[in-house]
Amino acid sequence: MNALTQELVELLSLEKIEENIYRGQSRNLVGKRVFGGQVLGQALRAASYTTDRPAHSLHAYFLYGGDINAPIIYEVDRIRDGKSFVSRQVRAIQHGRTIFMCMVSFAPQEEGLNYQISEPEYPPAESLKNEAELIKQIIEFIPENVRASFTRDRHVEIRPVNPQNPFQPQPEAPSYAHYIRTHGQIAQKVDEISLHQAIAAFYSDFTLMTTALRPHGLSYLSPSLQCASIDHAMYFHKPFRVDEWMLYDMDATISASSRGLNFGRMWQNGELVCSTTQEGLIRLREIETQ
């Protein structure tokens, strides 16, 4: 298995401490705080360890920023074990306080009514440049003090459909799309539905919140902006593989009261496999001048 993919699998594989209690390690993936996708993926994995059914929905709140230098404890509350649905509540705890909470519902796949909207038409992934190639094109805009962290390899491969230079953002339509997959295939010995779903949850937090910034000509790097994920919902519709290309298509419907509401849809082989919703804090603040 590819080294970066192996690291991602290890990040989303938790240590069992006690019945319904798990420990996950933290990584510096995006800066000073734990990446929201890491907590989403780890919390979903913790809940998945307590049932043999696949998840079909997750509803989460980010309460405090996570410390990248400390592990996270996940406590799972077995709310309900029904014939059709299994419900779990997960608390992520760090330094004695709850930094994140979510509800996860599980249900087996079953036959029934079947309909989906049409997949958007975008160029195929193979025709697009990956994120590393695009970063090389804007290297002159990246400040020296953040260049090393900004240019380091991600644990996933991303190929944007409509890339933007985050150091020189311009007002654009509130929509964004990219293709995403792991760098390597998932090894057979860990090839479980719960892992694929956890990695998709990890995927789902990349750039989703920033979609609402595009019409304002802002990016997550804008010095006047305070931004943070507030809540996150995810729905798993059909089986998928995270080591094959998934199209992640995103749009925002409104920014108001210093918050932006964003929606995402993940497509694979013409099938709508996941949907996401996230509200994020996008607060303008005063910039101190000398």
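If you're wondering where the values come from, they're calculated on a predicted model, not measured in any experiment. (Residues numbered from 1 in each chain as written. Predicted model: local features only at pLDDT ≥ 70, side-chain atom pairs only at ≥ 80, totals over all residues. Heavy atoms only, no water.)

1. A few points about the overall build of the protein
- Each helix and strand in the protein was counted, giving five helices and twelve strands.
- Taken along its principal axes, the extent of the C-alpha atoms in the protein is 60 × 45 × 40 Å.
- A total of 290 residues make up the protein; the buried ones form 49% of that total.
- Across the protein, every contact between residues at least 6 apart in sequence was considered, and the portion connecting residues at least 24 apart equals 72%.
- The average position of the 28 basic charges and that of the 34 acidic charges among the side chains of the protein differ by 4 Å. (Helix = DSSP H or I, 4+ residues; strand = E, 2+ residues; numbered from the N terminus. Buried < 20%, exposed > 50% of the residue type's maximum accessible area, 1.4 Å probe, protein only. Contact = heavy atoms within 4.5 Å. Lys, Arg positive; Asp, Glu negative; His and termini not counted. Charge placed at Lys NZ, Arg CZ, Asp CG, Glu CD.)

2. Looking at the pattern of salt bridges
- This structure, assessed with the given rule, holds 17 salt bridges.
- Arginine 265 is paired through a salt bridge with aspartate 249; the nearest N and O atoms lie 3.6 Å apart. Here aspartate 249 lies in strand β10 (residues 246-256) and arginine 265 lies in strand β11 (residues 259-268), a separation of 16 residues in the sequence. Both residues of the pair, arginine 265 and aspartate 249, belong to the buried class.
- Among the charged side chains, a salt-bridge network with shared partners connects Lys16, Glu19 and Arg78. (Salt bridge = Lys/Arg side-chain N within 4 Å of Asp/Glu carboxyl O.)

3. Considering unusual backbone geometry
- Its identity is not glycine, yet serine 257 carries a phi of approximately 55 degrees, on the positive side.
- Looking at the element boundaries, serine 257 is found in the loop between β10 and β11.
- We note that asparagine 269 has phi near 55 degrees; this positive angle belongs to a residue other than glycine.

4. Here we look at the pairing of β11
- The buried count for β11 comes to seven of ten residues, which makes it a mostly enclosed element.
- Of the pairings in the sheet, the one linking β10 to β11 comprises nine bridges and is antiparallel in character. Within β11, the residue paired with aspartate 251 across the bridge is phenylalanine 263.
- Hairpin connection from β10 to β11: two residues lie between these consecutive antiparallel strands, with serine 257 at a positive phi of about 55 degrees.
- Note: β11 against strand β12 (residues 271-284), ten bridges, orientation antiparallel. Each residue of the ladder has a partner; that of glycine 264, found in β12, is threonine 276.
- Linking β11 back to β12 in an antiparallel pair, the connection comprises two residues, with asparagine 269 at a positive phi of about 55 degrees. (Pairing = 2+ DSSP bridges.)

5. Thoughts on the packing of aromatic side chains
- Counting across every chain of the model gives seven aromatic pairs.
- A centroid spacing of 5.6 Å and a plane angle of 80 degrees characterise the contact between phenylalanine 202 and phenylalanine 206, whose relative ring orientation is edge-to-face. The residues phenylalanine 202 and phenylalanine 206 share a single accessibility class, namely buried.
- Following the ring pairs from residue to residue traces out a cluster consisting of Phe35, Phe202 and Phe206.
- Cation over ring: arginine 97 sits above tyrosine 64, and NZ or CZ is 3.7 Å from the ring centre. (Phe/Tyr/Trp six-rings, centres within 6.5 Å; stacked < 30°, edge-to-face > 60°. Lys NZ or Arg CZ within 6 Å of the ring centre and 35° of its normal.)

6. A word on a nonpolar patch on the surface
- A cluster of nonpolar side chains, contributed by Tyr61, Leu63 and Tyr64, occupies part of the molecular surface with about 330 Å² of accessible area.
- Mapped onto the elements, tyrosine 64 comes out in the loop between β3 (55-62) and β4 (72-81).
- For tyrosine 64, a relative accessible area of 44% puts it in the partly exposed group. (Patch = residues over 30% accessible without salt bridge, like charges linked within 9 Å, V, L, I, M, F, W, Y side chains within 5 Å. Areas by Shrake-Rupley, 256 points an atom, 1.4 Å probe, with all protein chains shown as cover.)

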